[in-house]
Amino acid sequence: MGSRTASKDIITLRGSAAIVSEFFGYAANSILYNRGIYPEQSFTKVKKYGLPMLLTQDEGVKSFLAGLTSQLTEWLEAGKLQRVVLVIMSKATSEVLERWNFSIETDAEVVEKGVIKEKSDKEIMREIQAIMRQIASSITYLPCLDEPCVFDVLAYTDKDVAVPFTWIESDAKLIKDPQMVKLHSFDTKIHKVDTLVSYKNDDWDEQ
């Protein structure tokens with residue numbers, strides 16, 4: 001008799017790092033599109049995570065995000081990345097208006113001992129899908145950005161990590177007394193990503 005084994009969705013450290021860094025690339029594109037940081041016509045539509053997603057065609061932004069996700073992958077595989085923050089600032093004054101915070105918890109046992117985990121691709125995709133839907137609907141819960149804005153990305157790593165020369169030390173670019181909205185999280189069983197957006201309080205909101 002022929003034997004059969006049930007197929008399982010095996011997650012390795014490298015595979016998990018690829019999922020998380022790719023997620024961040026798509027999430028960043030979605031934030032830049034939905035918050036109107038770049039013109040609508042500079043994005044093209046693709047299908048990802050079972051959803052229509054938008055990707056920038058601006059060569060400078062594409063190059064920046066490609067370099068970013070490559071570096072994030074390296075840090076994720078080493079278990080050294082704690083958090084990634086996409087910051088939206090006023091172009092005129094550099095005032096921080098929004099912080100999209102992606103906190104990352106890494107299973108230390110996987111990094112140290114190379115153990116593998118199991119979780120279905122479909123389940124991970126459903127969790128990511130929920131976050132992407134919340135980003136796409138951000139216009140319903142975030143204030144309108146009614147001035148030209150720019151963005152930057154901060155990465156929080158372990159202190160002993162080697163930092164490439166293309167990265168520089170930065171302040172945390174915090175917002176004073178921000179409003180916060182917690183979004184969904186996703187978990188590959190190796191990396192857990194929690195998402196939170198904080199934004200500047202509108203003056204007219206304050207008593």
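Thresholds applied
- Residues numbered from 1 in each chain as written.
- Predicted model: local features only at pLDDT ≥ 70, side-chain atom pairs only at ≥ 80, totals over all residues.
- Heavy atoms only, no water.
- Helix = DSSP H or I, 4+ residues; strand = E, 2+ residues; numbered from the N terminus.
- Buried < 20%, exposed > 50% of the residue type's maximum accessible area, 1.4 Å probe, protein only.
- Contact = heavy atoms within 4.5 Å.
- 1 Å grid on protein atoms, 1.4 Å probe; cavity = no way out; pocket = protein on both sides within 12 Å on 5 of 7 lines; lining within 4 Å.
- Points joined across faces, edges and corners; volume = space filled by probe spheres on them.
- Nonpolar A, V, L, I, M, F, W, Y, C, P; charged D, E, K, R; others polar.
- Pairing = 2+ DSSP bridges.
- Axes fitted to C-alpha atoms, helices over the stretch in contact; angles between N-to-C directions.
- Disulfide = S-S within 2.5 Å.
- Polar contact = N/O pair within 3.5 Å; in protein donor to acceptor, adjacent residues only side chain to side chain.
- pLDDT = per-residue confidence, 0-100.
- Core = buried A, V, L, I, M, F, W, Y, C linked by side-chain atoms within 4.5 Å.
- Expected span 1.5 Å × (residues − 1).

Observations concerning the overall build of the protein
When helices and strands are tallied, the protein shows 4 helices and 9 strands. Looking at the 207 residues of the protein, the share that counts as buried comes to 40%. In the protein, 72% of the contacts between residues at least 6 apart in sequence involve partners at least 24 apart.

Quick look at the layout of surface pockets
The computed volume of the second largest pocket comes to approximately 210 Å³. Lining the second largest pocket are 13 residues, with Leu-97, Pro-143, Cys-144, Lys-200 and Asp-202 sitting closest to its centre. Residue composition of the lining of the second largest pocket, grouped by class: 5 nonpolar, 1 polar and 7 charged.

As for empty space enclosed by the protein
According to the stated counting rule, one finds 1 cavity of 30 Å³ or more in the structure shown. When its volume is computed, the largest cavity comes out at roughly 60 Å³. In terms of lining, the largest cavity is formed by Val-20, Ser-21, Phe-23, Phe-24, Leu-72, Leu-76, Leu-81, Val-84, Phe-102, Ile-104 and Val-193. At the level of secondary structure, the elements contributing two or more residues to the lining of the largest cavity comprise helix H1 (13-34), helix H2 (59-77), strand S4 (81-90) and strand S5 (96-106). Sort the elements by how many residues they give to the lining of the largest cavity and H1 lands first, with 4 residues. Here the lining of the largest cavity is composed, by residue class, of 10 nonpolar, 1 polar and no charged.

Brief notes about unusual backbone geometry
Across residues other than glycine, the phi torsion is negative in most instances, and most of the peptide bonds are trans. Positive phi outside glycine occurs at Tyr-49, with the angle close to 60°. Counting through the fold element by element, Tyr-49 comes out in the loop between strand S2 (43-48) and strand S3 (51-56). The backbone phi angle of Lys-189 is positive, close to 85°, even though this residue is not glycine. With respect to the helices and strands, Lys-189 occurs in the loop between strand S8 (179-187) and strand S9 (191-199).

Some details on the sheet that holds S8
With antiparallel pairing, the 5 strands of this open sheet are ordered in space as S7-S4-S5-S9-S8. Of all strands in the sheet, those with a lone pairing partner are strand S7 (149-157) and S8, marking the two edges. Between one strand axis and the next, the sheet turns through 15° on average, direction left out of account. This element, H1, spans S4, S5, S7, S8 and S9 of the sheet and lies at about 20° to S9.

Focus: the state of the cysteines
Per the stated rule, a full pass over the model turns up 0 disulfides. Of all cysteine sulfurs in the structure, the one in Cys-149 sits closest to Cys-144, which takes part in no disulfide; the separation is 9.5 Å. Classification of Cys-144 as exposed rests on a relative accessible area of 66%.

Remarks on the environment of Lys-119
Looking at where Lys-119 falls in the secondary structure, it is placed in the loop between strand S6 (117-118) and helix H4 (121-136). On a C-alpha basis, the gap between Lys-119 and Ile-10 in space is 6.6 Å, while along the polypeptide they are 109 residues apart. Each residue touching Lys-119, except ones within four places of it in the same chain, is listed here: Asp-9, Ile-11, Ile-124, Glu-127, Asp-187, Thr-188 and Lys-189. Within polar-contact distance, the side chain of Lys-119 engages the backbone oxygen of Asp-187 at 2.6 Å.

With respect to the confidence of the model for the protein
Residues of the protein with pLDDT of at least 70 account for 89%, and the chain-wide mean is 90. Long-range and interchain partners of residues 1-7, a stretch whose pLDDT sits below 50, account for 0 contacts in this model, where long-range means more than four residues apart.

With respect to the nonpolar core
If you look at the biggest cluster of nonpolar residues, it comprises 47 residues, and the most contacted ones within it are Phe-23, Trp-100 and Met-132. Top contributing element to this core by residue count: H1, with 10 residues. Within the second largest apolar cluster, 6 residues are counted, among which are Val-85, Met-89, Val-96 and Leu-154.

Quick word on H1
Counted at 1.5 Å a residue, the expected span for H1 with its 22 residues is 32 Å, and the 31 Å between its end C-alpha atoms agrees. One or two steps after H1, the chain reaches Gly-36, where phi turns positive at roughly 70°.

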